[in-house]
Amino acid sequence: MENVSPKKIYLTPLPYSKSALQPYISEETLHYHHDLHHAAYVNRLDELIEGTPFAAMSLCDIIRHSDGAVFNNAAQVWNHTFYFSQLAPSPKRAPEGVLLEAIKQEFGGVEELVRTMTSHAMQLFGSGWVWLSANNKGQLYIEARSNAGTPLVDDLHPLIAIDVWEHAYYIDHRNARAKGIEALWKVLDWSVAEARYCKALDEKRCRAREQRAESCL
Ligand code: MN
């Protein structure tokens, strides 16, 4: 009886109903993507870490200190929670404030940012993720990472993730990856990216910028 371990890793519920993102992401896609794919990573990780030092770590620490199957499943658990939480049925359609300033400075504008991230996603061979991240100074980066790759391992602060695994778009768009990515932008809530960006900056810097930009979150 004492060998029965409590569950360590949980599946974060979707912050909206599975039909809420239609017509851009179908209820069937969210069912498979969240209830089956995401849940499978959670359950597999829970099995893998049982009775190991990882069982006492936070999910982020597991990601930063593991490799192989533990890393793959832990990173996919985190990546998917991050991915689903940036989507909304009535999203903020464009960034403002400090994030908009940084996007203009780094990429020229939001359209260019969207085009660059989409291009990275189209060119990624096989499965993986495209990330918009910030460093501690607020500088922005776009990059593609294969499989479970996540910017967390490099101490970057992710702001937006595009899931380029076929399971993210195949039910709705079959092999048309471009259509899946186009649909994703329609439900991306820029207010979430703005909040993540402000967290990435230290408080003082964020407040100072906020006063100049008059809109931070
Ligand atoms: Mn996925």
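See the structure printed just above.
Predicted, not measured: the structure shown is a model, and the values here were computed from it.

**Student:** Would you explain the sheet that holds strand β3 (residues 157–163) in this entry?
**Tutor:** Sheet strands pair by backbone hydrogen bonding; their relative direction is either parallel or antiparallel. Strand order in this open sheet of 3 strands is β2-β1-β3, and the pairing throughout is antiparallel. The strands lining the two open edges of the sheet, one partner per strand, are β2 (140–146) and β3. Neighbour to neighbour, the strand axes of the sheet diverge by 25° on average, direction disregarded. The sheet contacts of helix α3 (residues 68–85) involve β1 (128–134) and β3, and relative to β3 the element is tilted by about 90°.

**Student:** Just checking my understanding: could you explain the environment of A168 for this structure?
**Tutor:** Within the secondary structure layout, A168 lies in the loop between β3 and α6 (170–173). By relative accessible area, which is 12% here, A168 ends up buried. Residues A168 and I181, spaced 13 residues apart in sequence, show a C-alpha to C-alpha distance of 9.4 Å. With sequence-adjacent residues up to four places away left out, A168 is seen in contact with T29, H33 and D163.

**Student:** Looking at this structure, I do not really get the nonpolar core. What am I missing?
**Tutor:** Soluble globular proteins tend to pack their nonpolar side chains together in the buried interior. Counting residues in each nonpolar core, the largest one holds 56 residues, and the members touching the most others are M117, L140, I160, I162, W190 and Y197. Ranked by the residues each element gives to this core, the list is headed by α3, at 9 residues. Counting the residues that make up this core, at least three belong to each of domain 1 (27–85) and domain 2 (97–212). With sequence-adjacent residues up to four places away left out, M117 is seen in contact with V130, W131, L132, I142, I160, I162 and W185.

**Student:** What should I look at first to understand the side chain of H38 in this one?
**Tutor:** When you line up the elements, H38 lands in helix α1 (residues 27–49). Of the polar contacts made by the side chain of H38, one reaches the backbone oxygen of V77; its length is 3.1 Å. At 3.4 Å, the side chain of H38 forms a polar contact with the side chain of T81. Excluding residues within four positions of it along the chain, H38 makes contact with L11, H33, Q76, V77, H80, T81 and F84.

**Student:** Explain unusual backbone geometry here, please?
**Tutor:** Negative phi values dominate among residues other than glycine, just as trans dominates among peptide bonds. With an omega dihedral of 10°, the bond running from Q22 to P23 counts as a cis peptide bond. Within the secondary structure, P23 is located in the segment before α1. Unlike most non-glycine residues, R174 shows phi in positive territory, near 50°. Position of R174 relative to the elements: it lies in the loop between α6 and α7 (177–187).

**Student:** Explain the pattern of salt bridges to me, please; I cannot follow it from the model alone.
**Tutor:** Oppositely charged side chains are able to pair whenever their charged atoms sit close together. Counting across every chain of the model gives 8 salt bridges. Of the charged contacts in the structure, one is a salt bridge between E143 and R145, with a shortest N-O distance of 2.8 Å. Neither E143 nor R145 differs from the other in exposure class; each is buried. For D154, the salt bridge goes to R145, with nearest N and O atoms at 2.7 Å. Assessed through its relative accessible area of 46%, D154 is described here as partly exposed.

**Student:** Just checking my understanding: could you explain the coordination of the manganese ion for this structure?
**Tutor:** The expected angle between donors at a tetrahedral four-coordinate metal is 109.5 degrees. At an octahedral six-coordinate metal it is 90 or 180 degrees. For the manganese ion, the protein coordination sphere consists of H33 (NE2), H80 (NE2), D163 (OD) and H167 (NE2), at 1.9 to 2.1 Å. The motif formed by the donor residues of the manganese ion, counted along the single chain, is H-x46-H-x82-D-x3-H. One end of the pair, H33, is in helix α1; the other, H80, is in helix α3, and 47 residues separate them in sequence. With a relative accessible area of 1%, H33 lands in the buried category.

What counts and how
Residues numbered from 1 in each chain as written. Predicted model: local features only at pLDDT ≥ 70, side-chain atom pairs only at ≥ 80, totals over all residues. Heavy atoms only, no water. Pairing = 2+ DSSP bridges. Helix = DSSP H or I, 4+ residues; strand = E, 2+ residues; numbered from the N terminus. Axes fitted to C-alpha atoms, helices over the stretch in contact; angles between N-to-C directions. Contact = heavy atoms within 4.5 Å. Buried < 20%, exposed > 50% of the residue type's maximum accessible area, 1.4 Å probe, protein only. Core = buried A, V, L, I, M, F, W, Y, C linked by side-chain atoms within 4.5 Å. Domains from an automatic or database assignment. Polar contact = N/O pair within 3.5 Å; in protein donor to acceptor, adjacent residues only side chain to side chain. Salt bridge = Lys/Arg side-chain N within 4 Å of Asp/Glu carboxyl O. Donors = N, O, S within 2.8 Å, 3.2 Å for Na, K, Ca; no water.

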